[in-house]
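What follows is the residue order along each chain.
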Amino acid sequence: MSRIAVVDNHGQFTHLEGRALRDLGIEAEIVDNETPPGEVRADGFVLSGGPDMARTGRCAEYLTDGRPVLGICLGHQIMAAELGGEVASGDYGGYADVTVRILDGDDPLVGSLAPETRTWASHADEGVAVPPGFVRTAESDVCDVEAMSDVDRGLFGVQWHPEVAHTAEGEAVFEAFVEVCRAHAASEAEASAESGGI
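Structural notes, computed from the coordinates. It should be emphasised that the depicted structure is a prediction, and the values quoted were computed from it without experimental measurement.

Examining helix H3 (residues 74-82)
An α-helical turn contains 3.6 residues, so any two residues separated by three or four positions project in the same direction. The element H3 is extensively covered by neighbouring structure, given that 7 of its 9 residues are classed as buried. What H3 keeps buried is the set Leu74, Gly75, His76, Gln77, Ile78, Met79 and Ala80. Two residues or fewer after H3 comes glycine 84, characterised by a positive phi angle close to 105 degrees.

Structure, rendered in C-alpha cells:
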C-alpha cells in the first residue's frame, strides 16, 4: 500500500487532505511541519495550506528530499518561494469559486482536468512566477500561476484546494499524485534491486 504524509502548515483543511488520500485507499499520516523529512516513512508528501509563510517549519527540506511533493495553496507558494520563483499578494483575498484553465493536457497532475475545472481558492497570496525547471500548467482570470509542475523532480503545486467539496474534480488531483508517488517508488525499488545485484 502506498503511504503519503501530509505536512501540516496549520491550515484549516489539512485534515481533509489526509481524508481525501485515505478515501483513495492510501495510508496517510499528518505530520508536524517541524518534522525532518528523513524521519518520515512515505512515498511522497503533501505540503498543506496554512495561514502564512512565517510558520512553514522545515517544509523547504521536503522539496529537496527526492520524493514527490504536492504543494496546496501555501504549500504551492512555499515551493515557488524556496526554489527561485516569486510569491506576492493577490488581488482577491477571500475564498471563492475560480474557474481554472489547464494549459498542459499532458501534465501528470492536472492534465486530466483539461480544458478547465471549477475550484475553491484563496488568492490573498499567490505564486506569480514559477521557479527554474517548472512550467505553468494552469491559469485563471485572477492568477497566472494556478498550478505548476517540475515533472523531472516530481514537484507539483496548485493554488486551489482539491480537498474541499467546492472543488469539482479535486479527487482527480489526488489520484494523479498517488500515481506519481507509486511510479517513483517503483523506480526507486528497481534501482535499488539493480544496484544490490552488482
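Examining the side chain of glutamate 146
Locating glutamate 146 in the fold gives a position in the loop between strand E7 (135-139) and strand E8 (147-150). Buried charge without a salt bridge: glutamate 146, with arginine 101 as the nearest opposite-charge side chain at an N-O distance of 8.4 Å. In contact with glutamate 146, not counting residues within four places along its chain, are His76, Val98, Val100, His123, Ala138, Glu139, Ser140, Gly157, Val158, Gln159 and Trp160.

Description of the nonpolar core
With 29 residues, the main nonpolar core has Leu21, Leu70, Leu109 and Trp160 as its most contacted residues. For this core, the secondary-structure elements that each account for two or more residues are strand E1 (3-8), helix H1 (14-23), strand E4 (69-72), strand E5 (86-102), strand E9 (155-158) and helix H4 (170-196). Broken down by element, the residue count for this core peaks at 7 residues, all from H4. With residues near it in sequence (within four places) discarded, leucine 21 still touches Ile4, Val6, Ile26, Ala28, Val46, Phe174 and Val178. Residues Phe45, Leu83, Phe134 and Met148 belong to the second largest nonpolar core, which totals 20 residues.

Considerations on the layout of surface pockets
Counted as a void, the largest pocket has a volume near 250 Å³. Together, 20 residues line the largest pocket, and Gly50, Pro51, Cys73, Tyr95 and Ser122 are the ones closest to its centre. Looking at the lining of the largest pocket, the elements that each hand over two or more residues are H3, E5 and strand E6 (116-129). With 4 residues, E6 is the single largest residue contributor to the lining of the largest pocket. Approximately 190 Å³ is the volume found for the second largest pocket. Lining the second largest pocket are Leu16, Arg19, Ala20, Asp23, Leu24, Pro162, Glu163, Val164, Ala165, Gly170, Glu171 and Phe174. Where the lining of the second largest pocket is concerned, the elements lending two or more residues are H1 and H4. Broken down by element, the residue count for the lining of the second largest pocket peaks at 4 residues, all from H1. Residues belonging to the lining of the second largest pocket are distributed by class as follows: 7 nonpolar, 1 polar and 4 charged.

Definitions and limits used
Residues numbered from 1 in each chain as written. Predicted model: local features only at pLDDT ≥ 70, side-chain atom pairs only at ≥ 80, totals over all residues. Heavy atoms only, no water. Buried < 20%, exposed > 50% of the residue type's maximum accessible area, 1.4 Å probe, protein only. Helix = DSSP H or I, 4+ residues; strand = E, 2+ residues; numbered from the N terminus. Lys, Arg positive; Asp, Glu negative; His and termini not counted. Salt bridge = Lys/Arg side-chain N within 4 Å of Asp/Glu carboxyl O. Contact = heavy atoms within 4.5 Å. Core = buried A, V, L, I, M, F, W, Y, C linked by side-chain atoms within 4.5 Å. 1 Å grid on protein atoms, 1.4 Å probe; cavity = no way out; pocket = protein on both sides within 12 Å on 5 of 7 lines; lining within 4 Å. Points joined across faces, edges and corners; volume = space filled by probe spheres on them. Nonpolar A, V, L, I, M, F, W, Y, C, P; charged D, E, K, R; others polar.

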